[in-house]
Amino acid sequence: MNRKENSDEMRAKQYLQTLPHKKLEYEPLGNVTPDFSIDDKIAVEVRRLNRNYKSKSNGNLISIQAPILNDTDELHKNIQLLIDEKNTKIDKNFHLYSEWWLILVDYITNEMDTQAFEKVKKIPFNKHKFTKVIILSHKGDFKAFKL
């Protein structure tokens, strides 16, 4: 049964449609990773960027629906937590694509705080298997920061 795109996936799809490619496919392998494929070569995973913390009881991420106000370390920590989470998820199908991207739809800053992201870009990330990590605004113009 085909699953309908959630709002973050729809936002990512709209962004991906602005990039040059021949073919964009939603859930090319069904309801498993990746969320999209580009030209059958690039896999794209999508995740909401919100505040998270790891549960001490089971290690799962717990989401908090509250913005961060000018705290670069907190923003960096949350981005890295999501990269780590998605890195584990893509293991099973990693070999099927030559490149993997992660799009994080930003709900954590106030309207894609440019200063905060410029500071965060200067702090190294462990992108693991992802070639690109893109932070995308959740509304309005497609503001995007590539890490």
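Located above this text is the structure these notes cover.
Here is a short report on the structure shown in this document. (Residues numbered from 1 in each chain as written. Predicted model: local features only at pLDDT ≥ 70, side-chain atom pairs only at ≥ 80, totals over all residues. Heavy atoms only, no water.)

Considering the nonpolar core
With 23 residues, the main nonpolar core has Leu49, Leu75, Ile79, Leu104, Val133 and Ile135 as its most contacted residues. Looking at which element gives the most residues to this core, the answer is helix H2 (residues 72–89), with 5 residues. Discounting residues that sit within four places of it in the chain, Ile79 has contacts with Leu49, Leu104, Phe117, Val120, Phe125, Ile135 and Leu147. Within the second largest apolar cluster, 14 residues are counted, among which are Leu16, Ile42, Ile103 and Leu136. (Core = buried A, V, L, I, M, F, W, Y, C linked by side-chain atoms within 4.5 Å. Buried < 20%, exposed > 50% of the residue type's maximum accessible area, 1.4 Å probe, protein only. Helix = DSSP H or I, 4+ residues; strand = E, 2+ residues; numbered from the N terminus. Contact = heavy atoms within 4.5 Å.)

What about helix H1 (residues 7–16)?
Residues of H1 that are buried: Asp8, Glu9, Arg11, Ala12, Tyr15 and Leu16. Buried residues of H1, viewed axially, fall in a sector of 160°; they line one side. Summarising the contacts, the buried residues of H1 are in contact with strand E1 (24–26), strand E2 (36–38), strand E3 (42–49), strand E6 (99–106), strand E7 (132–137) and strand E8 (144–146). Looking at where H1 begins, the residue whose side-chain oxygen comes 2.9 Å from the main-chain nitrogen of Asp8 is Asn6. (Arc of directions from axis to C-beta. Polar contact = N/O pair within 3.5 Å; in protein donor to acceptor, adjacent residues only side chain to side chain.)

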